[in-house]
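# Structural features, examined
Here is what each chain is made of, one letter per residue.
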Amino acid sequence: MKLGRLNHIGVVTPSIPYSIAHWRDVMGATKIHDPFDLPAQGVKVCFVDTPADGPGNGTQIELIEPLGEESPIHGFLTKNPLGGQHHICFEVPDIQIAKSELEAMGKRVLGEPRIGAHGTLIFFVHPKDMGGMLTEVMETPKDH
């Protein structure tokens, strides 16, 4: 398994509009994408770009808000009412090879690859197998 580019850091928030204001007004973000719903994952998502010296180089902040009490991140907000860092996401060239290699190492892959917020295949790896961090593995978008 070869470590790829850090694509984004997932941050759960009780309010994407509040978080957008924070990233814009406090952190100085200048490129904030329009929020959108991902009903299949039970979340609303908004990407905030960090500065980059070329296309696709900046790591993004992924703001994640639950779409309701059935959302898989609803429990995270119950324990952390202000929100906080939820996961980190690394790119890989081939999602199936990465999944096979991680499973061969005994890492617990959480579910089958599915389409994520960037429109490419993703899966998550259990935090107990990844140094305490929920880790998303994402196939590198073809436009990078």
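Let us look at the structure shown here. (Residues numbered from 1 in each chain as written. Predicted model: local features only at pLDDT ≥ 70, side-chain atom pairs only at ≥ 80, totals over all residues. Heavy atoms only, no water.)

## Quick look at the sheet that holds strand β4 (residues 60-66)
Stated formally: Pairing between two strands requires that DSSP report at least two bridges joining them. Where helices and strands are cited, they refer to DSSP runs of H or I of at least four residues and of E of at least two residues respectively, numbered from the N terminus. Lines fitted to the C-alpha atoms define the axes, with helices restricted to the stretch that makes contact. Angles between their N-to-C directions range from 0 to 180 degrees. Note on definitions: a residue-residue contact is assigned when non-hydrogen atoms from the two residues lie within 4.5 Å.
Pairing is mixed across the open sheet formed by eight strands, whose spatial order is β2-β3-β4-β1-β5-β8-β7-β6. The outermost strands of the open sheet, each flanked by one partner alone, are β2 (36-38) and β6 (109-115). Taken pair by pair, the neighbouring strands of this sheet meet at an average axis angle of 30°, ignoring direction. When strand β1 (residues 6-12) meets strand β5 (residues 84-92), the two strands line up antiparallel, connected through six bridges. Within β5, the position partnered with Val11 by the bridge is Gln85. Packed on one face of the sheet, helix α1 (residues 16-26) meets β3 (43-49) and β4 and runs near 155° to β4. Of the strands in this sheet, β5, β6, β7 (121-125) and β8 (135-139) touch helix α3 (residues 95-104), which is tilted by about 180° from β6.

## Some remarks on α1
Stated formally: We call a residue buried when its accessible area falls under 20% of the maximum for its residue type, exposed when it is over 50%, and partly exposed in between, using a 1.4 Å probe and counting protein chains only. To obtain the arc, one takes the directions from the helix axis to the C-beta atoms. Two N or O atoms count as a polar contact when they lie within 3.5 Å, although within protein this holds only if one can serve as hydrogen donor and the other as acceptor, and sequence-adjacent residues are included solely when both atoms are side-chain atoms.
Looking only at α1, the buried set comprises Ile16, Ser19, Ile20 and Trp23. Each buried residue of α1 lies within a common arc of 105° when the element is viewed along its axis, so the set occupies one face. Counted as exposed and oriented over 90 degrees from the buried face of α1: Pro17, Tyr18, Asp25 and Val26. Close packing links the buried residues of α1 with β3 and β4. With a side-chain oxygen positioned 3.1 Å from the backbone nitrogen of Tyr18, the residue opening α1 is Ser15.

## Quick look at the pairing of β1
For β1, the buried fraction is high: five of the seven residues fall into the buried class. Pairing of β1 with β4 involves five bridges; the strand directions are parallel. Opposite Val12, over in β4, you have Ile64 as the bridge partner.

## Details of the side chain of Thr13
Counting through the fold element by element, Thr13 comes out in the loop between β1 and α1. At 3.0 Å, the side chain of Thr13 and the backbone oxygen of Ser15 are in polar contact.

## A few points about the environment of Gln85
By the secondary structure assignment, Gln85 is in strand β5. The class of Gln85 is exposed, set by a relative accessible area of 51%. Along the chain, Gln85 and Gln60 lie 25 residues apart, while their C-alpha atoms are 13 Å from each other. What Gln85 contacts, discounting residues up to four positions off in sequence, is Ile9, Gly10, Val11 and Phe76.

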